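Structure at a glance
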Amino acid sequence: NNIAYNDPTASEKVKEYLTKIGDSAQHLLGIINDILDMSRIESGRMVIKSEEFSFSKSLEQVNTIISGQCSEKGLKYECRISGKIDDYYIGDAMKLRQIMINILGNAVKFTPKGGSVELFVEEGSRFDGRAVLKLIFKDSGIGMSKEYLPRLFNTFSQEDSSTTTKYGSTGLGMAITKSIVELMNGQIDVESEKGKGTVFT
């Protein structure tokens, strides 16, 4: 796709088609990865690594992706760290990034132009050589009804059937996110109001 796109003889129309093909391929890859993740979780084969990683580097990678998505859509993005956060922790950096990108990606998706997406990071209590990281994700998006919230983390769950068509959602992202958080001995909570936005903790 890139080779064809960078061909000097490619017209703007062809480049536009190639961009659409590329986007579709990325979307399909996302769906396949979600299905693979879900099957690993359900069969108990999802493994959480325990290795040293740089939290600041992981956060920087997430911020680069999300701030790019926000500026493309005309949203304000802010990431704030409160208190002291260590440079290095032991855990699964890739899965932690996946959690952050899943939640923030949804925030971007469901927040109309002119809105805001925020991430707050702080360290909670420490005990027995373990640290608890608290991540708060806040958006001013379309929000969810109180009736829907209990079903949010179910597989293939969507508040509205038009969501699939409008936003290209599989309905697996939040179920996967919750499973990974719990595999990391964490918990995930959500507060939301229709038309006002959502907060994930």
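Structural data are supplied above this passage.
All of these numbers come straight from a predicted model, not from anything done at the bench.

Here's the deal with helix H3 (residues 55-73)
An ideal rise of 1.5 Å per residue puts 27 Å on 19 residues; H3 measures up with 27 Å between its terminal C-alpha atoms. Taken together, the buried residues of H3 touch strand S1 (51-54), strand S2 (76-82), strand S3 (88-91), helix H4 (93-109), strand S4 (116-127) and strand S5 (130-139). Of the residues one or two after H3, Gly-74 is the one with positive phi, at around 80 degrees.

Re the layout of surface pockets
Empty space within the second largest pocket amounts to approximately 1100 Å³. Lining the second largest pocket are 31 residues, with Ala-131, Val-132, Leu-133, Met-184 and Gly-186 sitting closest to its centre. Secondary-structure elements contributing two or more residues to the lining of the second largest pocket are S3, H4, S4, S5 and helix H6 (173-183). When residues in the lining of the second largest pocket are grouped by element, the largest group, seven residues, is from S5.

Some details on the sheet that holds S5
One open sheet holds the five strands; their spatial order is S2-S4-S5-S7-S6, and the pairing between them is mixed. A single partner strand is all that each edge strand has here, and the edge strands are S2 and strand S6 (190-193). Adjacent strand axes in the sheet meet at a mean angle of 10 degrees when their direction is disregarded. Summarising the sheet, S5 and strand S7 (residues 197-200) pair through three bridges and their orientation is antiparallel. Opposite Phe-137, over in S7, you have Phe-200 as the bridge partner. Helix-sheet contacts for H3 involve S2, S4 and S5, and the interaxial angle to S2 is about 160 degrees.

Cut-offs and rules
Residues numbered from 1 in each chain as written. Predicted model: local features only at pLDDT ≥ 70, side-chain atom pairs only at ≥ 80, totals over all residues. Heavy atoms only, no water. Helix = DSSP H or I, 4+ residues; strand = E, 2+ residues; numbered from the N terminus. Expected span 1.5 Å × (residues − 1). Contact = heavy atoms within 4.5 Å. 1 Å grid on protein atoms, 1.4 Å probe; cavity = no way out; pocket = protein on both sides within 12 Å on 5 of 7 lines; lining within 4 Å. Points joined across faces, edges and corners; volume = space filled by probe spheres on them. Pairing = 2+ DSSP bridges. Axes fitted to C-alpha atoms, helices over the stretch in contact; angles between N-to-C directions.

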